[in-house]
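Fold and contact review
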Amino acid sequence: QNRSAQVDVAPYTRTGGGFIPSGAPGVTAELADPGRHLPEPEQLRWLEKGLAERGRSWHLVGNQVIFTPIRFPGAALGLPAGDYLNSDQWDGYQADQGRLVQHLDAHDSRHGDAVFLTGDIHSSWAMDVPVERGPAYRSAGVEFVCPSVTSDGFYELVRASAKGAPTPTVVQKTRVLTTAVASANPWVRYLDGVGHGFVVL
């Protein structure tokens, strides 16, 4: 409840964060500012301590917004060319994100695997958490993102912009969008933006 305000970049976002250009001038340093926090510093220390506990097969982390670094191709979002990140996710708090990824990498294989359980983006994802972004990434944990039951997701956003297109066309356009996002992020192992429901883990 006490996280730092999301980074906004006009005209892309104005309040509460969202999709902003990755590497936008003057924004990169703000996104990486160690003085900005998603969890409060005390809470982050508590989480790191728990993730380092020995003798557990799994460390399950209940999490509000996507932790895994994700870059969205502008063309897939209907935005100008380039890569975008969602500043409302952990990508908008890169000092905290990087610190926790490095902590996971240092403790993961000896102290039990970390599993992030996330919601918020109204779609289904299964991902590795890469230590460094790139095709030859090393995983420090995994993240599962559950879909919404009724709230709008990728399919509904595509349908709204498709202006009366038949359902099969909207489904196909949604799958093109999600395939583009997954292709830009090799650690995304599964992404479905059409279905709604729940996750059994």
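This report concerns the structure included in the present document.

Quick notes on the rules
Residues numbered from 1 in each chain as written. Predicted model: local features only at pLDDT ≥ 70, side-chain atom pairs only at ≥ 80, totals over all residues. Heavy atoms only, no water. Pairing = 2+ DSSP bridges. Helix = DSSP H or I, 4+ residues; strand = E, 2+ residues; numbered from the N terminus. Axes fitted to C-alpha atoms, helices over the stretch in contact; angles between N-to-C directions. Core = buried A, V, L, I, M, F, W, Y, C linked by side-chain atoms within 4.5 Å. Buried < 20%, exposed > 50% of the residue type's maximum accessible area, 1.4 Å probe, protein only. Contact = heavy atoms within 4.5 Å.

Now for the sheet that holds strand E3 (residues 72–73). An order of E1-E4-E3 is seen for the three strands of this open sheet, with the pairing classed as antiparallel. In the strand order of this sheet, the two ends are held by strand E1 (19–21) and E3, each with one partner. Where E1 meets strand E4 (residues 83–86), three bridges bridge the pair, whose relative direction is antiparallel. Pairing of Phe19 across the sheet is with Asn86, part of E4.

So, about the sheet that holds strand E7 (residues 139–145). Spatially, five strands are ordered E2-E5-E7-E6-E8 in an open sheet, and the strand pairing comes out mixed. The open sheet has two edge strands with one neighbour each: strand E2 (58–63) and strand E8 (188–192). Strand-to-strand, the axes of this sheet are offset by a mean angle of 20°, without reference to chain direction. When strand E6 (residues 124–130) meets E8, the two strands line up antiparallel, connected through four bridges. Across the sheet, Met127 pairs through a bridge with Val188, a residue of E8.

A word on the nonpolar core. Counting 22 residues, the largest nonpolar core has Ile70 and Trp125 as its most contacted members. For this core, the elements supplying multiple residues, two or more each, are E6, helix H5 (154–162), helix H6 (167–184) and E8. Once you skip the residues sitting within four places of it in the chain, Ile70 turns out to touch Tyr84, Leu85, Asp91, Trp125, Met127, Val181, Asn185, Trp187 and Val188. Within the second largest apolar cluster, 17 residues are counted, among which are Val61, Val101, Leu104 and Phe116.

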